[in-house]
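# Architecture and fold: a report
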2 protein chains.
Amino acid sequence: MSEASVPGAPSLETVGGDPELGVQRWWSEREQRLLRRRPRVDGLTIERIILTALALVDVEGLEALTVRRLADELSTGSASLYRHVSSRDELLVLVVDHVLGEIVLPDVGLSGRAKVEWLSKELRRVLIAHPRLLPALTASPLLGPSAVRGAQNGLGNMLEAGFAPAVAVPAYLAMIDFVLGTVYFDTSRAGQNSSTLLINGDGFDRPSAAEVFEFGLRTFLDGLTHRFPPPQ
Amino acid sequence: MSEASVPGAPSLETVGGDPELGVQRWWSEREQRLLRRRPRVDGLTIERIILTALALVDVEGLEALTVRRLADELSTGSASLYRHVSSRDELLVLVVDHVLGEIVLPDVGLSGRAKVEWLSKELRRVLIAHPRLLPALTASPLLGPSAVRGAQNGLGNMLEAGFAPAVAVPAYLAMIDFVLGTVYFDTSRAGQNSSTLLINGDGFDRPSAAEVFEFGLRTFLDGLTHRFPPPQ
DNA sequence: ACCTGAACACCGTTCAAGT
DNA sequence: ACCTGAACACCGTTCAAGT
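Residues numbered from 1 in each chain as written. Chains lettered and ligands numbered in written order. Predicted model: local features only at pLDDT ≥ 70, side-chain atom pairs only at ≥ 80, totals over all residues. Heavy atoms only, no water.

### Topic: the overall build of chain A
On a plain count of helices and strands, chain A comes out with 11 helices and zero strands. Secondary structure elements of chain A, listed N to C terminal, follow the sequence α-α-α-α-α-α-α-α-α-α-α. Expressed as a percentage of contacts within chain A between residues at least 6 apart in sequence, the contacts between residues at least 24 apart total 67%. Summed over all atoms, the accessible surface of chain A reaches about 10500 Å², with 56% contributed by carbon and sulfur. (Helix = DSSP H or I, 4+ residues; strand = E, 2+ residues; numbered from the N terminus. Contact = heavy atoms within 4.5 Å. Areas by Shrake-Rupley, 256 points an atom, 1.4 Å probe, with all protein chains shown as cover.)

### A closer look at the packing of helix α6 (residues 112-128) of chain B against helix α8 (residues 165-187) of chain B
Residues and elements named next belong to chain B. Orientation of α6 relative to α8, taken along the N-to-C sense of each, is 30°, at an axis distance of 10 Å. In terms of axis orientation, α6 runs roughly parallel to α8. Relative to α8, α6 is oriented so that their crossing is right-handed. Note on element contacts: α8 touches α6 through M175, I176, V179, L180, T182, V183, D186 and T187, opposite V116, S120, L123, R124, L127 and I128. Here the residues of the contact of α6 with α8 sort into nine nonpolar, three polar and two charged. (Axes fitted to C-alpha atoms, helices over the stretch in contact; angles between N-to-C directions. Parallel < 35°, antiparallel > 145°, perpendicular 65-115°, else oblique. Left-handed = near helix turned anticlockwise from the far one by under 90°. Nonpolar A, V, L, I, M, F, W, Y, C, P; charged D, E, K, R; others polar.)

### Some remarks on the nonpolar core
Judged by nonpolar contacts, the single largest core of 134 residues is most densely connected at L127(A), M158(A), L127(B) and M158(B). Residues within four places of L127(B) in sequence aside, it is in contact with V99(B), L100(B), L134(B), L137(B), L180(B) and V183(B). (Core = buried A, V, L, I, M, F, W, Y, C linked by side-chain atoms within 4.5 Å. Buried < 20%, exposed > 50% of the residue type's maximum accessible area, 1.4 Å probe, protein only.)

### Comments concerning unusual backbone geometry
Note: most residues except glycine have negative phi, and most peptide bonds are trans. All names here are of chain A. Even without being glycine, S75 reaches a positive phi, approximately 55°. Mapped onto the fold, S75 is located in the loop between α3 (67-73) and α4 (78-81). Residue S75 is classed as exposed on the basis of its relative accessible area of 69%.

### Quick word on the environment of L127(A)
Its place among the elements puts L127(A) in helix α6 (residues 112-128). For the pair formed by L127(A) and L74(A), sequence separation is 53 residues and the distance between their alpha carbons is 25 Å.

### So, the side chain of D177(B)
Within the element layout of this structure, D177(B) appears in helix α8. Notably, D177(B) is buried but unbridged: the nearest opposite-charge side chain belongs to R124(A), and the N-O separation is 7.0 Å. Apart from residues lying up to four places away in sequence, D177(B) is in contact with D177(A), F178(A), G181(A), T182(A), F185(A), D186(A) and V212(A). (Lys, Arg positive; Asp, Glu negative; His and termini not counted. Salt bridge = Lys/Arg side-chain N within 4 Å of Asp/Glu carboxyl O.)

### Topic: the domain arrangement of chain A
All names here are of chain A. Looking at chain A, the domain boundaries give domain 1 (3-99) and domain 2 (104-227). Between domain 1 and domain 2, the residue contacts involve 18 residues of the former and 17 residues of the latter. Listed by contribution, the elements that provide at least two residues to the side of domain 1 that touches domain 2 are α1 (24-36), α2 (46-60) and α5 (88-100). In terms of residue count, α5 provides more of the side of domain 1 that touches domain 2 than any other element does, six residues in total. (Domains from an automatic or database assignment.)

Following this line, the structure appears as structure tokens:
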């Protein structure tokens, strides 16, 4: 997994050379590259690679996704994979965006608040469907086509729910942080027992991860409506 | 980083054999072991190992923390480190709890709600101080002595703020998820640009990570008070 | 008893040599 | 032009041999 860039380095989006993995320009240049490309003779496609990688992660975990192991799974050599992806990190970025593509956008007929709730639940749903992939979520900025689609819908929903941009933007971002936080720590070992055993030790009931999510989402949205009542 | 245990496996806390890394019994058995231990002649102590590992992560990132490299840093061989920690994962667990030990608990004179806010901000503060360590947070349940100290204080604050246990418990857990979510995604590459470039593209102002955190915390706590008004 | 050099079984990635 | 075997420079971890 790649490290964060050095603070103070020039903005990655504007520099002339190769763009950093996963930033906006990286995605657009990748699209150009894919269009220019001739079909490969060996039957290997990036789609097949991504699906096989995801299946491997789902079944055996992120650690099992090694370039060599994936090549085995595809009956080829590890070097051959490097004709389709330039690094293991790039592969992870592609798999993550593929999973975000499973998000079903809310029906346009729903109210703004209902759309906000729908999208949060969908994000949680698709991520929980692939719990062992989650540590890869932080490997790159979430700017692939599916992530962008979700973010545009999500922010749009907040605006449609009647919040001014100066409220909708931090509200949207805070809600994403909350959803990712619950998913991350509820499915990883961090949340598995976490503070909870303690709580059991104190004789309190332990709510399920889903209950904590519902509770937090509802409380946050109620607080939002309470702090910023919709204009009449 | 270790993988989550197989779902459906017997509870890790109650089985007879060696407890899984980071669970409660693991911590207590570790304490027993440390008490029985004679001082080492080579000057290597677990404290020195933890501090050196944390410094290495802070300066060069989590990837640079290899057993071999850490051994170099301590002028010894990698095999020698295995007399103090049984794996790289165990080392990460110890470093994470060490960092949580930097949390300053709220002054007892503060109100319940002020204590809740204080602890959330402290958790955020100590984690942000070591951004490159964060991916290690999910490697194990957070049940070390410092994590337990923080969790007990955190839940206690919620109760002291006047919420019934059935509210305080999910509220506490949801808030932790939110704090960890903001820290995680604001400091990792995932949040670095995230949905935010998009937003810039749409002409909206981009709030800072700190602003999103403050906004979310305040909104959540307001929602909590609104949904569950304190008895008189 | 304690310590550790050297080995084992892996990694991600590159590149010269093949077709 | 496309593909890939074999190598390079690493890993985490173990264990027999040393003191």
